[in-house]
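Fold and contact review
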Amino acid sequence: MMHPLWIVVILLFAVRLAAQPTMFPPVRGTREMVGAANNFEVEAGFRLLMQGGNAVDAGVAATLAAAVTEQARFGLGGEMPLIIHMANRKPVVISAVGTAPAKATVDYYRNRSPEPWETTRDMPPIPAQGLRAAILPGVFDGLVLALRKYGTKSFAEVVAPAIEYAEGFPIGEEFVSFLSRNQSLLNLWPTSTAFFLPEGRIPQRAEIYRLPALAKTLRELAAVERKTRGSREKKLLAVRDFFYKGDLARRLAEFSESHGGLISREDLARFQAEEEEPVCGTYRGYQICKPGFWTQGPVLIQALNILEGYDLKAMGHNSAQYLHTVVEAVKLAFADRDRYYGDPKFSKIPSEKLLSKDYAAERRRLVDPDQASMDHRPGNFEPPLPPPTASSSAPVAPDTTCVNVVDRWGNVFSATPSGAWLPSVIAGNTGIPFTTRLQSFVLTEGHANQLAPGKRPRVTLSPTLVLKDGRPYLAMSTPGGDNQDQAMLQALLNLLDFGMGPQEAVEAPRFQTEHFYSSFANHEFVPGKVSLEGRIPKAVVDALAKKGHRVQVSGDWSNGSAPTVIKIEKGVLDGGADPRRARFIFGR
């Protein structure tokens, strides 16, 4: 008979194994929660919540703080899709993605000359950097629209944390690293050098970093609100008009046009962020809501529709058969993205077919359980079109941040702010960087995402809202470019199929395939390539290689995305923040 002490030891060991401690401790609360990229952004959002603001007030404040403290990956001239769910109402999407300027035509880019950093041999169809890569700044209008329709605070209140940080904050390692990496490009634009390197050198980590030009512009915007008489809405519209029609618009346009850019004052005056219904699907009884086909968001629904026909849990988490099945489903969904997604205002998108369960069943039959496909296989229910023209080399897009907020009333804000990342061109003395998202268009004749004036590029940005019985259950978003919906798919399966908590779900080892046409610059296609994190067992890696996947094993925590997740269940907020890019989350 086993000694009682050994029984206790074995039980304790079993409990320890079952607990599966995470690298970051889970964050839980019952009232409110903010997840973002750094402590400044989370603090900004939480400050508004403590002042009585709701999730939208907090989300706008956190996003404005990100436009100051996280300019390696996002600036105020950038873009953003946003999902808002107000308690006891239907979710809405705000499209805060800028459009192509009137002068941005296919002929213009087919006949362009190389930029100073390019050669004719590796020149992408549209530049990856510089003023000729700029769509209109969209994020600011989207933030004001969200604040005006769903927030409660003034612009001055939500921008106060951002102004405070612009006047000085201890700069982080990532920001410093991006400045160092991009210094040669920044030096091509004197306004950028003056803005980012005011002392003519790269700052040291934790050094107090000041952005006085941006602080001045943010204070000017707040001053417009104070000077405007009338209702809260009238004041907020005046702030918006100062950016897009007033003196700030004049300075942005004059800088662009005098330095070879395409953005005009008329372009800015015409632009307007818009509200629309989300695109939603179902998975095992949950409702999955995403922004529309002007993003890659619906690709997550397509992949889930395919995977719903499998018993993934029986395969075993991150087993070879499980990973093979999920990778192959992702490849099929992304092939449809590459061929059929684009701005629905300009292109007829076969959305009903793409999102239908019957179509998913057809696609599921293409998954060979024993062999990885090397083909690009979009559905053929539309007249065939050539894929984007691909080049063999492309810069890595710095990409994106994420903000997720749930407040004490059950309101939800989930956003993926992006664009105007380093190396960015600063518009004169405004402190505002131009975005470079024009590179996400293609020049392919007849393609849904073909460049056209006034059109939104099909972006990778893709916040996610999951509903259970009609109520918010999960809010999640992530940086990561083309990898965003791959990472969120895996985190979502970890949560819904394998019963993990949010922190476990975001930390679990992941794959990343590149079997699609990239959304950036050269639009390269790398058939069969799948990167696996080093924590995935070698036996699984070998089995995937045997199935024909072109496997690359990378670092243990090397996946290019980093979600934050807030789960809402039985009165408890359960948060997860991915340590891969040191996401932050806090709640109470």
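Residues numbered from 1 in each chain as written. Predicted model: local features only at pLDDT ≥ 70, side-chain atom pairs only at ≥ 80, totals over all residues. Heavy atoms only, no water.

**Quick notes on the overall build of the chain**
Scanning the chain for helices and strands turns up 21 helices and 19 strands. The globule rule puts the C-alpha radius of gyration for 588 residues at 25 Å, and the 23 Å found for the chain is close to it. Scored against the burial criterion, the 588 residues of the chain give a buried share of 61%. In the chain, of all internal contacts separated by at least 6 residues, the share reaching a separation of at least 24 is 72%. Carbon and sulfur atoms make up 54% of the accessible area of the chain, which amounts to about 22,000 Å² in all. (Helix = DSSP H or I, 4+ residues; strand = E, 2+ residues; numbered from the N terminus. Rg over C-alpha atoms; globule rule 2.2 N^0.38 Å. Buried < 20%, exposed > 50% of the residue type's maximum accessible area, 1.4 Å probe, protein only. Contact = heavy atoms within 4.5 Å. Areas by Shrake-Rupley, 256 points an atom, 1.4 Å probe, with all protein chains shown as cover.)

**Observations regarding the pairing of strand β2 (residues 33–36)**
In β2, alternate side chains face the same way, and those of M33 and G35 on one face and V34 and A36 on the other are all buried. In the sheet, β2 pairs with strand β10 (residues 403–406) via 3 bridges, with the strands oriented antiparallel. Each residue of the ladder has a partner; that of M33, found in β10, is V406. Direction of pairing for β2 relative to strand β19 (residues 584–587): antiparallel, over a ladder of 4 bridges. (Pairing = 2+ DSSP bridges.)

**Some thoughts on the layout of surface pockets**
Volume-wise, the second largest pocket comes out at about 520 Å³. In this structure, the second largest pocket is lined by 24 residues; those nearest its centre are G410, R471, P472, I568 and E569. Counting only elements with at least two residues in the lining of the second largest pocket, the list comes to β13 (471–477), β17 (564–569) and β18 (572–577). Here the residues of the lining of the second largest pocket are counted per class, giving 9 nonpolar, 6 polar and 9 charged. (1 Å grid on protein atoms, 1.4 Å probe; cavity = no way out; pocket = protein on both sides within 12 Å on 5 of 7 lines; lining within 4 Å. Points joined across faces, edges and corners; volume = space filled by probe spheres on them. Nonpolar A, V, L, I, M, F, W, Y, C, P; charged D, E, K, R; others polar.)

**Re the sheet that holds β18**
Across the sheet, 7 strands lie side by side as β1-β18-β17-β13-β12-β9-β8; this open sheet has antiparallel pairing. The open sheet is flanked by β1 (27–29) and β8 (279–283), the only strands paired with a single partner. For this sheet, the mean inter-axis angle between neighbouring strands, taken without regard to orientation, is 20°. Sheet topology note: the β17/β18 ladder contains 6 bridges and is antiparallel. When the bridges of β18 are listed, I566 appears paired with G575. Here helix α14 (residues 298–307) sits on the sheet in contact with β8, β9 (286–290) and β12 (464–468), set at roughly 20° to β8. (Axes fitted to C-alpha atoms, helices over the stretch in contact; angles between N-to-C directions.)

**A closer look at the sheet that holds strand β3 (residues 80–85)**
Taken together, the 7 strands give an open sheet; going across it, the order is β7-β4-β3-β11-β10-β2-β19, and neighbouring strands pair in antiparallel fashion. Looking at which strands have only one partner, the edges of the open sheet turn out to be β7 (274–276) and β19. Strand after strand, the sheet turns through a mean of 15° between neighbouring axes, direction not considered. Taken together, the 4 bridges between β10 and strand β11 (residues 412–415) define a ladder with antiparallel strand orientation. Each residue of the ladder has a partner; that of V403, found in β11, is A415. Strand contacts of helix α2 (residues 39–50): β2, β10 and β19, with the helix running at about 155° to β2, the strand carrying the most contacts. Sheet strands touched by helix α5 (residues 139–150): β3, β4 (92–96) and β7. Its angle to β4, the strand with the most contacts, is close to 150°.

**Regarding helix α3 (residues 55–69)**
A rise of 1.5 Å per residue sets the reference length of α3, with its 15 residues, at 21 Å; its end C-alpha atoms lie 20 Å apart and thus fit the reference within 8%. You can read the cap of α3 off the contacts: a side-chain oxygen lies 3.0 Å from the backbone nitrogen of V56, and it is on N54. (Expected span 1.5 Å × (residues − 1). Polar contact = N/O pair within 3.5 Å; in protein donor to acceptor, adjacent residues only side chain to side chain.)

**Regarding unusual backbone geometry**
Leaving glycine aside, a negative phi is the common case for residues, and trans is the common case for peptide bonds. The omega torsion across L422 and P423 is 0°, close enough to zero to call that bond cis. Along the chain, P423 turns up in the loop between β11 and β12. With a phi close to 50°, H523 is a non-glycine residue in the positive phi region. Residue position: H523 is located in the loop between β14 (511–513) and β15 (529–533). A positive phi angle, close to 55°, is found at A582, a residue other than glycine.

**Focus: the packing of α14 against helix α16 (residues 320–340)**
The contact between α14 and α16 brings their axes to 9 Å, and the two run at 135°. If you check the angle between α14 and α16, you find them oblique. Of the two possible hands of crossing, α14 and α16 adopt the one that is right-handed. On the side of α14, the interface is formed by V299, Q302, A303, I306 and L307, while α16 contributes T325, V326, A329, L332, A333, F334, D336 and R337. Considering only residue class, the contact of α14 with α16 consists of 9 nonpolar, 2 polar and 2 charged. (Parallel < 35°, antiparallel > 145°, perpendicular 65-115°, else oblique. Left-handed = near helix turned anticlockwise from the far one by under 90°.)

**Brief notes about the packing of α3 against helix α6 (residues 155–166)**
Between α3 and α6, whose axes approach to 8 Å, the crossing angle comes to 25°. In this view, α3 runs roughly parallel relative to α6, as classed from their interaxial angle. When you trace α3 past α6, the crossing you get is right-handed. Across the interface between the two elements, D57, V60, A61, L64, A65, V68 and T69 from α3 touch F155, V158, V159, A162, Y165 and A166 from α6. Looking at the contact of α3 with α6 residue by residue, the classes come out as 11 nonpolar, 1 polar and 1 charged.

**Some remarks on the confidence of the model for the chain**
Taken as a whole, the chain shows an average pLDDT of 94; of its residues, 94% reach a score of 70 or greater. Low confidence marks residues 1–18, where pLDDT is under 50. Its contacts with residues over four positions away, or in another chain, come to 3 contacts. A low-confidence stretch, residues 391–396 stays under pLDDT 50, and its non-local contacts, those more than four residues away or across chains, total 10 contacts. (pLDDT = per-residue confidence, 0-100.)

**Notes on the state of the cysteines**
All told, the structure shown has 1 disulfide when counted by the stated rule. Disulfide pairing places C280 opposite C289 at an S-S distance of 2.3 Å. Judged by the sign of its S-S torsion, about 105°, the bond between C280 and C289 is right-handed. Of the residues examined, C289 reaches a relative accessible area of 1% and is grouped as buried. No disulfide involves C402; its sulfur sits 19 Å from the nearest other cysteine sulfur, which is in C289. (Disulfide = S-S within 2.5 Å.)

**Topic: the packing of aromatic side chains**
One pass over the structure, following the stated rule, counts 19 aromatic pairs. When the ring of F140 is compared with that of F155, the centres are 5.7 Å apart and the planes differ by 75°; the resulting orientation is edge-to-face. Taken as a pair, F140 in helix α5 and F155 in helix α6 lie far apart in primary sequence, 15 residues in all. The pair formed by F140 and F155 is uniform in burial state, with each residue classed as buried. Here the aromatic rings of F169 and Y209 are separated by 6.0 Å at their centres, their planes lie at 85°, and the arrangement is edge-to-face. Remark: Y209 occurs in strand β6 (residues 208–209) and F169 occurs in strand β5 (residues 169–170); sequence separation between them is 40 residues. (Phe/Tyr/Trp six-rings, centres within 6.5 Å; stacked < 30°, edge-to-face > 60°.)

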